[in-house]
Amino acid sequence: MAAPGYSTNLEKHNLILSRLLDVSLVLNLNVALKPILGYIMEAACEIALCDAASILLYNKNSDELRFAASNTPGADTDALQKIPVPMANSIGGQIVRENRPIIIQNADEDPRIYRTVDESIGFTTKSLLGVPMHVKGSVIGVLEALNKREGGWTQDDLNNLTILASHAAVAISNARQTEALRKANEELNKLDKIKNDFIAIASHELRTPLSVILGYASFLKDEAQGEASDHAAAVLNSAMHLRNLIEDMTNVRLLQGKIDLAREHATLASLIQAAQSDLQSLANAKGHHLDVDLAGGQALVFVDRSKIATALINILNNAIKFTPNGGLIQVRIEQRPEEVWVRISDNGIGIPSDHLEKIFDEFHQVADHMTRRHNGMGLGLSIARGMVEANGGRLWAESAGPNKGSTFILALPFKASQG
Ligand code: ADP
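Residues numbered from 1 in each chain as written. Predicted model: local features only at pLDDT ≥ 70, side-chain atom pairs only at ≥ 80, totals over all residues. Heavy atoms only, no water.

1. Comments concerning the domain arrangement of the chain
Heads up, the condition is: Domain delimitation in this document rests on an assignment produced automatically or drawn from a domain database.
According to the domain assignment, the chain contains domain 1 (6–178), domain 2 (208–257) and domain 3 (260–418). Computed over C-alpha atoms, the centres of domain 1 and domain 3 are 65 Å apart.

2. A look at the side chain of Thr323
Selection rule: Secondary structure counts use DSSP, requiring at least four H or I residues in a row for a helix and at least two E residues in a row for a strand, with both numbered from the N terminus. Remark: exposure states derive from per-residue accessible area (1.4 Å probe, protein chains only) relative to the maximum for the residue type, with buried under 20%, exposed over 50%, and partly exposed in between. Any pair of residues with heavy atoms lying within 4.5 Å of one another is described as a contacting pair.
Mapped onto the secondary structure, Thr323 falls in the loop between α9 (305–321) and β10 (328–335). Classification of Thr323 by relative accessible area gives buried; the value is 1%. Contact partners of Thr323, with chain neighbours within four places excluded, come to Lys286, His288, Asp346, Asn347 and Gly348.

3. So, a nonpolar patch on the surface
The condition is simple: Residues with no salt bridge and a relative accessible area higher than 30% make up the patches, which join like charges within 9 Å and nonpolar side chains (Val, Leu, Ile, Met, Phe, Trp, Tyr) within 5 Å. All accessible areas in this document rest on Shrake-Rupley with a 1.4 Å probe, and a residue is counted as covered only by the protein chains that are shown. By definition, a salt bridge exists where a carboxyl oxygen of Asp or Glu is found within 4 Å of a side-chain nitrogen of Lys or Arg.
The grouping of Val212, Tyr216, Phe219 and Leu220 at the surface amounts to a nonpolar patch, some 430 Å² of accessible area in total. For Phe219, the location among the structural elements is in helix α6 (residues 155–223).

4. Digging into the site of the ligand
Test applied: Whether a residue is near a molecule or strand is decided by its heavy atoms; if any one of them lies within 4 Å of it, the residue is near. Two N or O atoms count as a polar contact when they lie within 3.5 Å, although within protein this holds only if one can serve as hydrogen donor and the other as acceptor, and sequence-adjacent residues are included solely when both atoms are side-chain atoms. Any residue outside Ala, Val, Leu, Ile, Met, Phe, Trp, Tyr, Cys, Pro, Asp, Glu, Lys and Arg is labelled polar, Gly included; the first ten of those are nonpolar and the last four are charged.
Close to the ligand lie 21 residues; Asn318, Asp346, Gln365, Gly378 and Leu381 are nearest. In the environment of the ligand, a nitrogen atom lies 2.9 Å from a nitrogen or oxygen atom belonging to the side chain of Asp346. For the ligand, whose unbound accessible area comes to 530 Å², protein coverage reaches 98%. Mapped by element, the contributors of at least two residues to the shell around the ligand are α9, α10 (380–390) and β13 (406–413). Per-element accounting of the shell around the ligand gives the leading share, three residues, to α9. Partitioning the shell around the ligand into residue classes produces ten nonpolar, eight polar and three charged.

5. Quick look at the sheet that holds strand β12 (residues 394–399)
Heads up, the rule is: Following DSSP output, two strands are said to pair if at least two bridges run between them. Here the axes come from fitting lines to C-alpha atoms, over the contacting stretch only for helices, and the angles between their N-to-C directions go from 0 to 180 degrees.
Spatially, the five strands line up as an open sheet ordered β8-β10-β11-β13-β12, and their pairing is mixed. The open sheet has two edge strands, β8 (289–292) and β12, and neither has a second partner. Neighbour to neighbour, the strand axes of the sheet diverge by 15° on average, direction disregarded. The sheet contact formed by β8 and β10 spans four bridges and is parallel.

See below:
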């Protein structure tokens, strides 16, 4: 005999299978939660041949159930959502508490039915099949089917609604995770803004007193005699170091936004010479030989001079810093088919191969921050790469390993310079 509502048993099974399949497909489409749950309610009624279906979720804080979806005829889902269902005096509550399905073939006189919901929406619960919904082993709510149209609830109904309940649980769990991620992201953005504002204000506020210190220290150094002049020079050096740190902080902020470029045609030689003159005295102080060969330097590039100068200075500054006294630092220019390369090599402490890329990350330093002997914040190379890339170029490092020296290659597009 065919099941009630279906012409044959085969037709019934086909319809149920295709409906369950539809639900899985909708789940995978990543549709918003509300329509997915609505779809699952429709499928529940169609498969179990009943009048209505609802999903109630357990709220741990208030220890009650709340409607998340329902297709009860004539009921306004928004109104339903406002009706709390107590855990103690309801079938839903019992299903969640006992973590098991409950079937009520005749609900007419059953005292466990929470009648407040029926009364407020003008519905009469005549029979009920409810199954718990699980996420990661814990019960998060219940799926209830109401008022079987013909005959009583069957084992098939129970099995099919259990499948639908697990689909609904997956959809709810996904939606909760997405919401948690959205919130975390919002929180991160807020923190990022606070950090950026803080850096902006701090660097701005530090600049003014620092320029006073720099001015007076430089004046004292020139005017004072003997030891006093040495002391003033020490103050001046430290103040200049502080100024570099503040510049780094400002440049990092710049990289996070869109960099405005003031591009112009410039020879590579002029850019390299400017960086060299900035750092020559620092190199001399460490007894380094700064060997700059400008052959090929007449190549024109179309760049923002100050941004490329910052990159060159940061790379050269590192070469000076990470090479023991009396080292050799070489700068060479190399023509490539579409690019012009500046190679800056030193015979210093070198870079382990697994750090060659990481050193371009913000705040990454090869040596542990607490034990390192060199000052700096680990920002110079990320700034250098950001500036070079903003100008359409590339920057990378090569090294044969610790104590084998390092080479930084700054590549700028050559063809663009012809334009
Ligand atoms: P900082 O110099 O402030 O530490 P950078 O971003 O400029 O920050 O450099 C990151 C790290 O890369 C340095 O701490 C250092 O470990 C490594 N590094 C950079 N340049 C060289 C170099 N020429 N030789 C050896 N190591 C280097």
